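Observations on the three-dimensional arrangement
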Amino acid sequence: MLITTKSKILLVSLIGGFFCSNALCETVSDSLIKKIKTCNNDSVKILCFNELSWIHRADQPDSALIYANRAKSLAEKINFKAGIATSFNRIGEIERIRGNDEEAVVNYTKALLIEKGINNLAGIARAYANLTLLYKSIGKSEEAIEAGQICVKLNKELNNLTELAKAYDRLAILYEFQGRIDEALKQTYASLELREKLNDSVDCLFAYMNLANLYLQQFSYGKSLEYNQKAMELAIKAKDSINLANIYINIGIVYYHLKQLNTAVEYNLKSIDIKKKLNQEKTLDSNYDNLGLWYCDMGNFDKALYFYNKCIEIKEEYGKRENLSTIYTNIGNLYLSKNQYGQAISYYEKGLENAERNGEKLIILELYHNIYRSYTATGKLEDAVSFNNKYISLRDSLDLAYRNAINIKDSYLEEQKKNQLLEKDNLINEVKIKRKNIVVISLSGGMALLILLFFALFRSYRFKQRTLLAEKNNKINEQKISELLKEQELKSISAMLEGQEGERKRIAQDLHDRLGSMLSMVKLHFKSVEENIQAIRENNLVMYSKANNLLDEACEEVRKIANDLTSGVLNKFGLIPALNSLKESIEGTGQLKIEVFDFGFDESRLEYNVEINLYRIIQELISNILKHAKASEVSIQLLKKEKRLNIVVEDNGKGFDVNQVKNKKGMGLRNIESRVDSLNGELSIDSGKGAGTTITIEIPLN
């Protein structure tokens, strides 16, 4: 979100300094015009024209542009470099307000070159400040960060704490845009520290807006709304319409995440009204983008597409690439929700191209996952697996940065305390040095003794280190032995499981071939008895019927046991039909919806040992999901290549901390790992609290 510079106008009068609030702008404007008419000094006229341009830059941009150009022409006539630079700054600000970011950059750059020529550090810092966020808006992220860092450095040299705080704010926005939340937090806390020193509540506007956005990204919606409300109160008090329009957008976004869509739309429409009154129609792309997203969530796809297209029209007309990848992503999401996967992938690819160009890592992460989902739905599992691997890799990288950001505030404050302690230590050291100078002669005699003592302590220290190292090596050896024992135990378990499978198959064969045959022969004997049934006495007929029925039941039970022991469907038809049978059985309970996707499986079967192990692995994973994940949907994807088999099992459950599970494995996970190891495969787990779980297994095939 673009945060514009605040509308706080400080006008230094040519006679004496005084503060010009918005309520006095008309009076000041009249005074300046009168001064221009009566003054014969061109330098004074240039200053007056530039101040008139500044006063009317928002409410009368056309008039403001005329004043700035008149100041520039007059300054060029008398070669007044500072006046020319200020004029270009005024023109750049007017173009920025109008939404002409490229033109704004051109004029601010011209101002920068002039300020460098006259070595005006304050003017150079001002130009870099203006360029920082403008570079971001036209897609030049690295140039934006470089400009922001130079601005921070110059304002430190000038000891301009007010502008330094603003520079920290701008850098925080840029780092947030790149997904570097840890750096964004550092800059924000540095800004707040300066504002507290300045004791200026008006300047807190930017800090509040930055904090609101950062809390929003951390899903702390209550805090985000709290800081947005504070920013809104300050903007209304200062009559800062430009920032108020942006704050309304931000509040709408918070209400959207709180699922209060009507309230979100209401605040967005308030923002649109303000922008139209300020002739900022060119900046409405962000509003239309939000409305497209929210109407999509409300199920009104026609309105959603209407606002998305209006957003793209504005961006294409004015060459604005900022957030273009987000809009393409949102349109792709709309088509994905309508199961129009081809069109969804087309827009996702456009979004990915823009996001990679701008280094938008969070958006790239979302696009990887959405493209993976789309390819999965269309059955292109090889492409799906490729994008799923990219998603997992980038997610791990961003997750590490996010965890580092959690403790930034504490570490920042702790660093400040350390610096204070160091300063105190330095003062104490200075006093000690003075005292040492007094007694230096008396201490020289004891130096030899201290050196000997040092060597004695050093030898003692080395001895202790060797002892500790030996103990450490012993512990490492013990740990290795323990790990070998555990590995051997797992191998034993694996061998036991293989033996169980073989024994189950042997028992099934014996039941079918031996006991089944014997029962069949008994049945034939009973059949021969039936031919002479009339000869049997009436009172024995009932007992004969019961025995015959029991024999039929025994034959049927033997067949069932044999089928169960050989995993019926798996033994007859193979892995994929067995998984589909498992899917139907579990879905029949109403607890879980399961999707099974297979690619590359022809009529040829895998080895029975491989099929039974894979079936048991997936069966165990489904069992774990039912017990622990609280999921409603599971996707099982099997991709068979020439020499490898890739399996992905993904659920939408509550997820878990992978590190904790690795440290404390249950028998289910140990059993799965043992089976995967027996197939010389690899197992990886990707999960996070509230983010579901993805299990990836790769098995080599002979």
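Numbers given to residues run from 1 along each chain, matching the order in which its sequence is written. Per-residue local features are limited, in this predicted model, to residues with pLDDT of at least 70; the limit for side-chain atom pairs, both in listing and counting, is 80 or more; totals at the level of whole chains, interfaces and linings are taken over all residues. Remark: hydrogens and water are excluded; side-chain values derive from all non-hydrogen atoms of the structure.

Quick notes on the overall build of the protein
In terms of helices and strands, the protein carries 27 helices and 5 strands. Buried means the residue's accessible area, taken with a 1.4 Å probe over protein chains only, is under 20% of the maximum for its type, while exposed means over 50%, and partly exposed covers the values in between. Out of the 702 residues belonging to the protein, those deemed buried represent 44%. The criterion used for residue contact is that any of the two residues' heavy atoms lie within 4.5 Å. Intrachain contacts of the protein at a sequence separation of at least 6 include 62% that bridge at least 24 residues. Only the protein chains shown count as covering a residue, and every accessible area follows the Shrake-Rupley method with a 1.4 Å probe. Total accessible area on the protein stands at roughly 38900 Å², and carbon and sulfur atoms take up 53% of it. Counting from the N terminus, the helices are the DSSP runs of H or I reaching at least four residues and the strands are the DSSP runs of E reaching at least two.

Describing the environment of Gln637
With respect to the helices, strands and loops of the structure, Gln637 is situated in strand 2 (residues 633-640). The exposure class of Gln637 is buried, given its relative accessible area of 3%. Distance from Gln637 to Gly379, taken between C-alpha atoms, is 9.5 Å for residues 258 residues apart in sequence. The residues contacting Gln637, other than those within four sequence positions of it, are Tyr372, Thr376, Leu381, Phe597, Asn646, Ile647, Val648 and Glu650. Looking at Gln637, its side chain comes within polar contact range of the side chain of Tyr372, at 3.2 Å. Polar contacts involving the side chain of Gln637 include one to the side chain of Ser635, which spans 2.7 Å. The term polar contact refers here to a pair of N or O atoms within 3.5 Å; inside protein, the definition further demands a hydrogen-donor-capable atom paired with an acceptor-capable atom, and it admits residues adjacent in sequence only when both atoms are side-chain atoms.

Focus on unusual backbone geometry
Positive phi is not limited to glycine here, since Asn79 has a value of about 55 degrees. Inspection of the secondary structure puts Asn79 in the loop between helix 3 (61-77) and helix 4 (81-98). One non-glycine residue, Asn279, adopts positive backbone phi at about 60 degrees. Tracing the backbone shows Asn279 in the loop between helix 13 (261-277) and helix 14 (285-297). Given a relative accessible area of 45%, Asn279 falls into the partly exposed group.

Side note on the confidence of the model for the protein
Values of pLDDT, ranging from 0 to 100, describe the predictor's confidence in every residue of the model. A residue-level look at the protein finds 71% of positions with pLDDT of 70 or above and a mean pLDDT of 77. Taken together, the stretch residues 1-24 has pLDDT below 50 and engages in 58 contacts with residues farther than four places along the chain or on a different chain. Counting interchain partners and residues more than four positions distant, the pLDDT-below-50 stretch residues 448-458 has 0 contacts.

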